[in-house]
Structure formats: structure tokens, C-alpha cells
Amino acid sequence: MSNLWEKAVGFGVEIPFVTHLGFELTVFEGGRSEIRYTPLPEHLNSFNVTHGGAQMTLLDVTMASAARSETPELGVVTIEMKTSFMQPAVGALTAKGELMHRTATMAFTQATVYDANGKACAHATGTFKYMKRLATGARSVNALNTPGTGIATD
């Protein structure tokens, strides 16, 4: 795990699914983020292009990273996300995210996935809530997943 990614996820907090996909965080500052991703064969769909779900995960994590870049000590949870797919995503991908506006508790973001030729493949907007811990019910919370404590089911 790179030092930049450790800073982004908050002093060693682990996201097993992101680790599994192999995302590489390259920008995490000033309301901006950038993540590089080289899809593996198991991340492709029946047309042999990057599966939409993998792209949506990339967009979600990129927007969350942009939201957290100004306050890395806080986590965020996705409230809503809207995604548009513009063209097939082939080969290595780069997602660039931006924090468009924030309040004390909410972040409004956008991100775009680009192919190796710089063409936009997918775009999303998202709303995130800043959280210290992830609420799981009316009277319970789960702590952030730290390395070595098992795999989160979320």
C-alpha cells in the first residue's frame, strides 16, 4: 500500500475490495483525486471491455477520495450516485475526481473515467456524508476496518 493511499484511507484503514481491484491512488489533495486502474480479465464483461460495475466502483472510490482529501481523518459514505457510460472502457483507466461543494456533513462530487487515449468512458456525480464511524443501525456502529481484522462485508 502506497503512502499516499495510507493517508487517504486514514492511517491504515483497509478497503479489501479496492485492494482486490488494484486501484492506485496518484492524487489526493485540495479536493481532487486521481486513481489509476488496470482491469484484469476477470473485471471484463462479455464484450471484453471493463465491466460497468468495476467502473462504478472506480468512480465511487475516486469521488470519495476527492471528498476526503481535505479532511482525511474523516470517512465518507455514499448517499447517492448517478453514472453515465459514454463509450467502452478498454485497457488501463484513469479516474479523476473533484469535490465540487461541501458542507459540515455532506460532500458533492464528480468524477470521470478516461481510457489510455484520454477519452472519457464514464462520468458520475455523487453525494457523500462525512462520518467518523459507519452507522449500522439505530444503536450500533462499526469501527473502520483496520488491516488484519478480517474482511468487511460492505
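Quantities reported herein were computed from a predicted structural model and do not represent experimental measurements.

A.B. asks: Run through the overall build of the protein, naming residues and quoting values.
C.D. replies: From N to C terminus, the protein includes three helices and eight strands. Within the protein, contacts between residues at least 6 apart in sequence are counted, and of these 59% link residues at least 24 apart. Summed over its atoms, the accessible surface of the protein is roughly 8600 Å², and 55% of this surface lies on carbon and sulfur atoms.

A.B. asks: Outline the environment of Ala92, listing residues and values.
C.D. replies: Inspection of the secondary structure assignment puts Ala92 in the loop between strand 3 (75–85) and strand 4 (93–102). Taking the C-alpha atoms as reference points, Ala92 and Leu40, 52 residues apart in sequence, are found 9.6 Å from one another. Discounting chain neighbours no more than four positions away, the residues touching Ala92 are Tyr37, Thr38, Pro39, Tyr114, Asp115 and Ala116.

A.B. asks: Give me the lowdown on helix 3 (residues 52–68), citing residues and values where you can.
C.D. replies: The first and last C-alpha atoms of helix 3 sit 24 Å apart over 17 residues, in line with the 24 Å expected at 1.5 Å per residue. Extensive coverage of helix 3 is indicated by the burial of 13 of its 17 residues.

A.B. asks: How would you summarise the packing of aromatic side chains if you had to cite specific residues and measurements?
C.D. replies: With the rule as written, the count across this model stands at one aromatic pair. Aromatic pair Phe23 and Tyr37: ring centres 5.0 Å apart, planes at 75°, arrangement edge-to-face. Taken together, the residues span a long stretch of sequence, with Phe23 in the loop between helix 2 (16–21) and strand 1 (24–29) and Tyr37 in strand 2 (residues 32–37) at a distance of 14 residues. Tyr37 shares its class with Phe23; the two are buried. Across from the ring centre of Tyr114, 5.7 Å away, lies the NZ or CZ of Lys96, which sits over that ring. Just above the ring of Tyr130 sits the side chain of Arg102; from NZ or CZ to the centre is 4.2 Å.

A.B. asks: Would you mind going over the pattern of salt bridges in detail, with residue names and values included?
C.D. replies: Between side chains of opposite charge, a pair can form when the charged atoms approach closely. Considering all chains together, one arrives at two salt bridges under this definition. Among the salt bridges present, the one from Arg36 reaches Glu34, with a minimum N-O distance of 3.4 Å. Owing to a relative accessible area of 41%, Arg36 belongs among the partly exposed residues under this scheme. Of the residues examined, Glu34 reaches a relative accessible area of 13% and is grouped as buried.

A.B. asks: Which residues make up the side chain of Gln55, and what are the values?
C.D. replies: Position of Gln55 relative to the elements: it lies in helix 3. On the accessibility criterion, Gln55 (4% relative accessible area) is buried.

A.B. asks: So what's going on with the nonpolar core? Residues and values would help.
C.D. replies: Of all hydrophobic cores here, the largest spans 28 residues; its most connected members are Phe23, Tyr37, Leu58, Val113 and Tyr130. For this core, the elements supplying multiple residues, two or more each, are helix 2, strand 1, strand 2, helix 3, strand 4, strand 5 (106–114) and strand 6 (120–131). The greatest single-element share of this core, amounting to seven residues, is contributed by helix 3. Not counting residues within four places of it along the chain, the set of residues in contact with Phe23 comprises Val18, Ile35, Arg36, Tyr37, Ala54, Thr57, Leu58 and Val61.

A.B. asks: I'd like a rundown of unusual backbone geometry, residues and numbers included.
C.D. replies: With a phi close to 65°, Asn48 is a non-glycine residue in the positive phi region. The topology assignment puts Asn48 in the loop between strand 2 and helix 3.

A.B. asks: Break down the side chain of Thr94 for me, with residues and values.
C.D. replies: Considering the arrangement of structural elements, one finds Thr94 in strand 4. Leave out the neighbours within four places in its chain, and Thr94 touches Glu34, Ile35, Arg36, Thr112, Val113 and Tyr114.

Conventions we followed
- Residues numbered from 1 in each chain as written.
- Predicted model: local features only at pLDDT ≥ 70, side-chain atom pairs only at ≥ 80, totals over all residues.
- Heavy atoms only, no water.
- Helix = DSSP H or I, 4+ residues; strand = E, 2+ residues; numbered from the N terminus.
- Contact = heavy atoms within 4.5 Å.
- Areas by Shrake-Rupley, 256 points an atom, 1.4 Å probe, with all protein chains shown as cover.
- Expected span 1.5 Å × (residues − 1).
- Buried < 20%, exposed > 50% of the residue type's maximum accessible area, 1.4 Å probe, protein only.
- Phe/Tyr/Trp six-rings, centres within 6.5 Å; stacked < 30°, edge-to-face > 60°.
- Lys NZ or Arg CZ within 6 Å of the ring centre and 35° of its normal.
- Salt bridge = Lys/Arg side-chain N within 4 Å of Asp/Glu carboxyl O.
- Core = buried A, V, L, I, M, F, W, Y, C linked by side-chain atoms within 4.5 Å.

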